[in-house]
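Fold and geometry: a report
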Amino acid sequence: DGGIRDHAWAELSTGVQAPVVRRASYENWAFEGCPHHGPSLAFTRDGTAHAVWYSAAQGNKIFYGQLQSDAAPRALKTMAGAGASYADIAVDGRNVWVAWTQVGDAGRSLQVAASGDGGAAFDAPRTLATSDVAVTQPRLVVHDGKAYALWSNADGPQVRPIGAAP
């Protein structure tokens, strides 16, 4: 109601039971339309739901948090501000990686920040790639404990190794 565009999540099952939809973000972002900035969600083996999302409720921001049932996310952090968009997340054990697109005076950049303590703290964002033309939303993958960021621009798809979390 009221055009609020905060995010929600639900666990889907193969049974006939309807999923319980839970609120994920609490910025009360009012927007009359479809913001086309979807969230990203990744689960650790212990069931912790790590999420990143975009909100323009109080300026453009990318948020990170660990989702809980019927409560605001814990470990909530602002990962990026003005010019940030299209975030993705990956987890592997206690390692958490967040990537996003950052637009600035010099064009677009692929930014990443990492956590080695389950999302309690992240290192400073660093630039993995730059482009002066349109880019796709970054995607993160983890293989053999190593994270990689993928994105495309006019030169085609790119795979950038991120390295280990701090």
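Let me begin by describing the structure that accompanies this report.

About the criteria used
Residue positions are given per chain, counting from 1 as you read along its sequence in written order. Two thresholds apply to this predicted model, a pLDDT of at least 70 for residue-level local features and 80 or more for giving and counting side-chain atom pairs, whereas whole-chain, interface and lining totals are computed over all residues. Side-chain figures throughout are based on the complete set of non-hydrogen atoms in the structure, without hydrogens or water. Two rings from Phe, Tyr or Trp (for Trp, the six-membered ring) form a pair when their centres sit within 6.5 Å of each other. Planes less than 30 degrees apart are called stacked, planes more than 60 degrees apart edge-to-face, and all others tilted. Numbering of helices and strands runs from the N terminus, with a helix taken as a DSSP run of H or I at least four residues long and a strand as a DSSP run of E at least two residues long. Partly exposed residues are those whose accessible area sits between 20% and 50% of the maximum for their type, while under 20% is buried and over 50% is exposed, using a 1.4 Å probe and protein chains only. The rule for a salt bridge is simple: a side-chain nitrogen of Lys or Arg has to be within 4 Å of a carboxyl oxygen of Asp or Glu.

1. Here's the deal with the packing of aromatic side chains
This structure, assessed with the given rule, holds 2 aromatic pairs. Ring geometry for Trp53 against Phe63: centres 6.0 Å apart, planes inclined by 25°, an arrangement best described as stacked. Residue Trp53 is located in strand S4 (residues 49–55), and its partner Phe63 is located in strand S5 (residues 61–68); the two are separated by 10 residues in the primary sequence. Pair check on accessibility: Trp53 and Phe63 agree, each one buried.

2. Details of the pattern of salt bridges
Side-chain pairing between opposite charges can occur once the charged atoms of the two side chains come close. In the structure shown here, the tally under the stated rule is 2 salt bridges. A salt bridge links Asp88 to Arg139; the nearest nitrogen and oxygen atoms lie 3.9 Å apart. With a gap of 51 residues between them, Asp88 in strand S7 (residues 84–92) and Arg139 in strand S11 (residues 139–143) connect regions that are remote in the sequence. Arg139 gets classed as partly exposed once you look at its relative accessible area, which sits at 42%. Among the salt bridges present, the one from Arg126 reaches Asp123, with a minimum N-O distance of 3.2 Å.

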